[in-house]
Amino acid sequence: MAITLYELAQADGTRYSPYCWRVRWSLRHKGLDFRSVAIGFDDLQKLPGGSRSVPTVEIDGRVVNESWRIAEVLDETFPDRPSLFACEQAKGATRFVESFFDKVVNSSLLPLFAREIHDRMAVRDQAYFRRTREQMLKRTLEEAQAGRDEDVLRFRTAIHPIRLTLKTQPWLSGETPGYADYIGLASFQWARLSSDFKILVDDDSVADWVDRGLDLFEGFGRNVGARPQIDATFLPETSSSG
Ligand SMILES: N[C@@H](CCC(=O)N[C@@H](CS)C(=O)NCC(=O)O)C(=O)O
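Residues numbered from 1 in each chain as written. Predicted model: local features only at pLDDT ≥ 70, side-chain atom pairs only at ≥ 80, totals over all residues. Heavy atoms only, no water.

**Q** Requested: an account of the nonpolar core, with residues and values cited.
**A** Counting 72 residues, the largest nonpolar core has Phe 101, Ile 162, Phe 188, Ile 199 and Trp 209 as the members making the most contacts within it. Residue-level mapping places this core at the junction of two domains, with at least three residues from each of domain 1 (3-82 + 224-239) and domain 2 (88-217). Residues in contact with Trp 209, not counting those within four places in the same chain, are Phe 101, Ile 162, Leu 166, Pro 170, Trp 171, Leu 172, Asp 181, Gly 184, Leu 185 and Phe 188. (Core = buried A, V, L, I, M, F, W, Y, C linked by side-chain atoms within 4.5 Å. Buried < 20%, exposed > 50% of the residue type's maximum accessible area, 1.4 Å probe, protein only. Domains from an automatic or database assignment. Contact = heavy atoms within 4.5 Å.)

**Q** Before we move on, can you summarise the domain arrangement of the protein chain with the specific residues and values?
**A** By domain assignment, the protein chain separates into domain 1 (3-82 + 224-239) and domain 2 (88-217). Relative placement of domain 1 and domain 2: their C-alpha centres are 19 Å apart. Every contact between the two is made by 22 residues of domain 1 and, on the other side, 32 residues of domain 2. For the pair domain 1 and domain 2, the summed buried area comes to about 2500 Å², and 62% of that belongs to carbon and sulfur atoms. When the buried area of domain 1 at its contact with domain 2 is split by residue, Arg 22, Trp 25 and Trp 68 rank highest and sum to 35% of it. The tally of links from domain 1 across to domain 2 stands at 5 salt bridges. Notably, a salt bridge pairs Asp 102 with Arg 22, separated by 2.7 Å at the nearest N-O pair. Across the contact surface, domain 1 and domain 2 share 10 residue pairs in polar contact (both at pLDDT 80 or more). Mapped by element, the contributors of at least two residues to the side of domain 1 that touches domain 2 are helix 1 (18-29) and helix 2 (67-77). (Buried area = accessible area lost by both parts, 1.4 Å probe. Salt bridge = Lys/Arg side-chain N within 4 Å of Asp/Glu carboxyl O. Polar contact = N/O pair within 3.5 Å; in protein donor to acceptor, adjacent residues only side chain to side chain. Helix = DSSP H or I, 4+ residues; strand = E, 2+ residues; numbered from the N terminus.)

**Q** Tell me about the packing of helix 1 against helix 2, and please be specific about residues and values.
**A** Orientation of helix 1 relative to helix 2, taken along the N-to-C sense of each, is 10°, at an axis distance of 9 Å. On the basis of their axis angle, the class for helix 1 and helix 2 is roughly parallel. In this structure, helix 1 contributes Tyr 19, Arg 22, Val 23, Ser 26 and Leu 27 to the contact, and helix 2 contributes Ser 67, Ile 70 and Leu 74. Looking at side-chain class alone, the contact of helix 1 with helix 2 contains 5 nonpolar, 2 polar and 1 charged residues. (Axes fitted to C-alpha atoms, helices over the stretch in contact; angles between N-to-C directions. Parallel < 35°, antiparallel > 145°, perpendicular 65-115°, else oblique. Nonpolar A, V, L, I, M, F, W, Y, C, P; charged D, E, K, R; others polar.)

**Q** Tell me about helix 7 (residues 160-168), residues and numbers included.
**A** Ile 162, Arg 163 and Leu 166 are the residues of helix 7 that are buried. Seen from one end, helix 7 has its buried residues packed into an arc of 100°, which puts them on one side. In helix 7, the exposed positions angled more than 90 degrees off the buried face are occupied by Lys 167 and Thr 168. Of the surrounding elements, those touching the buried residues of helix 7 are helix 3 (88-120), helix 6 (148-158), helix 8 (179-194) and helix 9 (205-219). (Arc of directions from axis to C-beta.)

Below is the structure:
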């Protein structure tokens, strides 16, 4: 079984996309090895299957796009491996988790460190990123960053539902981590890899959950840095963008 994950990378090769990290953790959850191919924004139109966004995966030649669909396909294709959704009802509820992280968490995080995302990407990606993200944010990357000391306080309040959930269970998925956790952890991983700005205070239960998430699968999330650490069982990470 050959699995290839196409994903955005910083100039130094660090994979930082929050939607790709959902898939990265999902693949590890299912115990699947994969080859990571780094692309730039100008490679999006060259993705297999005409995807135009990452994550895109190829599983033995079958191309799947969109993080949610990829998670579904992983559960359908590998039913004997640990499930990402556990049951249809849990999957239904996880859709709400996805919407919360897409529309509340990721949208609130982007202005805090969009300028740093820009600075860490390859120069050839920067103009496209600046143009499209400034359209989204309706202000310049610099203006967005200038307000972040106040914005982060609002962000910490907005994520209170995560704290309330973690009061009664160790993971968003319940007793053990599942796709709901990978959706959420991926957002904080995006922040961690993109910026030095402090998103969470140390004694926040959300910070503890992120910490535990980074330790999963022998520190799979933690052991990435300037150069993505390559697990001995992994195929080498390759770059299509030179
Ligand atoms: N709903 C999609 C969202 C994926 C997404 O927004 N990916 C970004 C990178 S993090 C992308 O490919 N953007 C293309 C662009 O900005 O043109 C998913 O869950 O896979």
